[in-house]
Amino acid sequence: MSTFNDIKKQDNDFIANTYARFDVAFVSGKNARFIDESGKEYIDFGSGIGTNSLGIANDAWAEAVSLQASRMQHCSNLYYNPVTAKLAEKLCRTTGMKKVFFANSGAEANECGIKTARKYSFDKYGADACRNKIITLKNSFHGRTVTTLSATGQDVFHNYFFPFTDGFLFCAPDLDEIKNTVMSDGHVCAVMFETIQGEGGVLPLDDGFLRDLSAFAAKEDILLIVDEIQTGIARTGRFLSYMHSGISPDIVTLAKGLGGGLPIGACLFNEKTEKVLSFGDHGSTFGGNPVSCAGACVVLDKVTSDGFCGEVEKKGEYIKAKLFEKLGDEITEIRGRGLMLGIDFKSKPAKQIVAEALKKGVVMLTAKQSVRLLPPLTITYEDIDEGIEKLASIF
Ligand SMILES: Cc1ncc(COP(=O)(O)O)c(C=O)c1O
């Protein structure tokens with residue numbers, strides 16, 4: 001096996017320099033435990049930025065993925081295949097949405113949502129109405145393509161890559177501000193948001209605000225696009241996070257946890273938007289790849305099984321209580337829902353905490369100035385205890 005230094009040198013020599021990596025190389029693992037190239041074990045509170053929803057190398061997931069890879073890895077979207085169709089049905093039956101477009105990533109799922117919202121208004125109101133603008137929220141994050149960067153409500157992402165895509169208006173999560181923007185602009189076709197701004201610092205929107213926004217949008221025929229890429233697939237203790245508030249979006253985007261660690265994105269349409277895209281309007285060579293879909297079917301079966309979402313909520317509450325018990329003096333705030341938590345600490349910056357905890361054998365994330373936890377949804381209470389003990393040892 002290569003040493004850490006061999007791996008690091010090869011990576012640095014040949015991979016584009018876009019990630020500031022930690023000095024660790026993971027090679028394997030099981031559920032919420034990673035193993036590095038030297039054999040050291042880590043408790044995983046990050047699940048690969050929320051992708052490994054069933055943890056590392058879940059048996060049922062690995063079996064389904066291997067079986068599909070050995071049977072047929074891909075056949076192009078020119079033909080039918082049973083696995084992709086099965087996943088689409090599961091997604092629609094679980095959410096009540098009507099149709100799915102499969103992509104490969106979150107940004108691509110959002111691109112699809114943006115195209116759909118614009119075409120909905122184009123078809124209904126005509127080209128001359130120019131009803132094509134989308135309100136997104138300040139501090140949001142929607143992806144790294146030029147258009148999803150443009151949709152992202154943070155100036156820091158609006159640099160270098162000019163010209164950006166036109167047609168995004170940024171509002172605070174404030175109904176009056178959104179209403180005023182809609183009325184004064186006159187060209188808004190959709191509002192797009194995350195119910196908990198993940199990259200923005202784990203900042204939850206208020207359920208009452210979401211209900212009021214939804215009622216206003218329905219009245220004005222403005223589509224609601226909910227970006228569930230980080231919050232979806234049981235992460236917050238409901239299958240999708242908007243379900244806590246009871247709203248009914250027109251378009252929902254998924255990625256990250258859906259594939260359980262394989263690349264997949266999905267854009268879901270309701271009865272209003274299901275027929276907007278037709279032949280040739282959109283496509284993707286790999287979208288709905290059968291191997292990713294086979295893994296995603298196992299993820300969906302697991303997270304929609306009886307009691308699973310309740311356990312996610314319980315584990316989230318347990319983590320909060322444990323953190324306050326062990327580190328109460330160090331913590332100013334814990335935000336979030338289920339197993340999506342943002343923690344503000346008093347005495348050390350988040351980046352330093354994450355780096356020190358990694359050395360002790362705990363994998364965590366940051367989000368802006370906060371420490372962010374997105375553990376595997378299947379993490380055990382023993383692993384939670386051990387991870388928090390290790391974290392506490394750095395203070
Ligand atoms: C809310 C949200 N939307 C979109 C994206 C982009 O997803 P991807 O990196 O798969 O393109 C992310 C990724 O962090 C995200 O958190």
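Residues numbered from 1 in each chain as written. Predicted model: local features only at pLDDT ≥ 70, side-chain atom pairs only at ≥ 80, totals over all residues. Heavy atoms only, no water.

In terms of regular secondary structure, the chain is built from 12 helices and 17 strands. Taken over C-alpha atoms, the radius of gyration comes to 21 Å for the chain, in line with the 21 Å a tight globule of 395 residues would show. Across its three principal axes, the chain shows a C-alpha extent of roughly 60 × 50 × 45 Å. Buried residues in the chain amount to 55% of all 395 residues. (Helix = DSSP H or I, 4+ residues; strand = E, 2+ residues; numbered from the N terminus. Rg over C-alpha atoms; globule rule 2.2 N^0.38 Å. Buried < 20%, exposed > 50% of the residue type's maximum accessible area, 1.4 Å probe, protein only.)

With that settled, consider the nonpolar core. Residues Leu91, Phe193, Leu323 and Met364 are the most contacted members of the largest nonpolar core, which totals 82 residues. A per-element tally of this core places helix H9 (residues 290-303) first, with nine residues. Residue assignment places this core across two domains, with domain 1 (4-57 + 307-392) and domain 2 (72-303) each supplying three or more. Counting 19 residues, the second-largest nonpolar core is a separate cluster that includes Ile114, Ala151, Ala190 and Cys267. (Core = buried A, V, L, I, M, F, W, Y, C linked by side-chain atoms within 4.5 Å. Domains from an automatic or database assignment.)

Pairing is antiparallel in the open sheet, where four strands are placed in the order E13-E14-E17-E16. Each of the sheet's edge strands pairs with one partner strand only, and the pair in question is strand E13 (331-337) and strand E16 (365-367). Averaged over all pairs of adjacent strands, the angle between strand axes in this sheet comes to 30 degrees, irrespective of strand direction. Strand direction decides the pairing type here: E13 and strand E14 (residues 340-345), joined by six bridges, are antiparallel. Bridge assignment links Arg337 to a residue of E14, and that residue is Met340. (Pairing = 2+ DSSP bridges. Axes fitted to C-alpha atoms, helices over the stretch in contact; angles between N-to-C directions.)

The subject of this paragraph is the environment of Gly186. Within the secondary structure, Gly186 is located in the loop between helix H7 (175-185) and strand E7 (188-193). In this structure, the C-alpha to C-alpha distance between Gly186 and Ser38, residues 148 residues apart in sequence, is 60 Å.

What follows concerns the site of the ligand. Residues in close proximity to the ligand total 13 residues, the closest being Gly106, Ala107, Asp227, Gln230 and Lys256. At 2.8 Å from an oxygen atom of the ligand is found a main-chain nitrogen or oxygen belonging to Ala107. Here an oxygen atom of the ligand and a side-chain polar atom of Glu199 are 3.4 Å apart. For the ligand, the accessible surface in isolation is 390 Å², of which the surrounding protein chains cover 82%. The greatest single-element share of the shell around the ligand, amounting to three residues, is contributed by helix H5 (residues 106-125). Broken down by class, the residue content of the shell around the ligand amounts to three nonpolar, six polar and four charged. (Near = heavy atom within 4 Å. Polar contact = N/O pair within 3.5 Å; in protein donor to acceptor, adjacent residues only side chain to side chain. Areas by Shrake-Rupley, 256 points an atom, 1.4 Å probe, with all protein chains shown as cover. Nonpolar A, V, L, I, M, F, W, Y, C, P; charged D, E, K, R; others polar.)

Look at helix H3 (residues 59-71): 18 Å from first C-alpha to last across 13 residues, which is about the 18 Å you get at 1.5 Å a residue. Restricting attention to buried positions, one finds in H3 the residues Trp61, Ala64, Val65 and Gln68. Projected onto a plane normal to the axis of H3, the buried residues spread over an arc of 95 degrees and lie on a single side. Along H3, exposed side chains directed more than 90 degrees from the buried face belong to Asp59, Glu63 and Ser70. (Expected span 1.5 Å × (residues − 1). Arc of directions from axis to C-beta.)

Our focus in this paragraph is the packing of H7 against helix H8 (residues 207-220). Where H7 contacts H8, the two axes come as close as 10 Å, and the packing angle between them is 20 degrees. Here H7 is positioned roughly parallel relative to H8, judged by the angle of their axes. Between H7 and H8 lies a crossing whose hand is right-handed. Residues Leu175, Ile178, Lys179, Val182 and Met183 of H7 form the contact with H8, whose own contacting residues are Phe209, Asp212, Leu213, Phe216 and Glu220. (Parallel < 35°, antiparallel > 145°, perpendicular 65-115°, else oblique. Left-handed = near helix turned anticlockwise from the far one by under 90°. Contact = heavy atoms within 4.5 Å.)

Moving on, we get to the domain arrangement of the chain. By domain assignment, the chain separates into domain 1 (4-57 + 307-392) and domain 2 (72-303). Taking both sides of the interface into account, the surface hidden between domain 1 and domain 2 amounts to around 2300 Å²; carbon and sulfur atoms contribute 59%. The largest share of the area that domain 1 buries against domain 2 comes from Arg337, Met340 and Lys368, three residues that together contribute 29% of it. Inspection of the domain 1/domain 2 interface yields three salt bridges. Salt-bridge contacts for Asp207 lead to Arg337; the nearest nitrogen and oxygen are separated by 2.9 Å. At the junction of domain 1 and domain 2, the tally comes to 14 residue pairs in polar contact (both at pLDDT 80 or more). It is helix H10 (residues 308-327) that provides the largest number of residues to the side of domain 1 that touches domain 2, a total of four residues. Within the side of domain 1 that touches domain 2, the residues separate by chemical class into 12 nonpolar, 10 polar and five charged. (Buried area = accessible area lost by both parts, 1.4 Å probe. Salt bridge = Lys/Arg side-chain N within 4 Å of Asp/Glu carboxyl O.)

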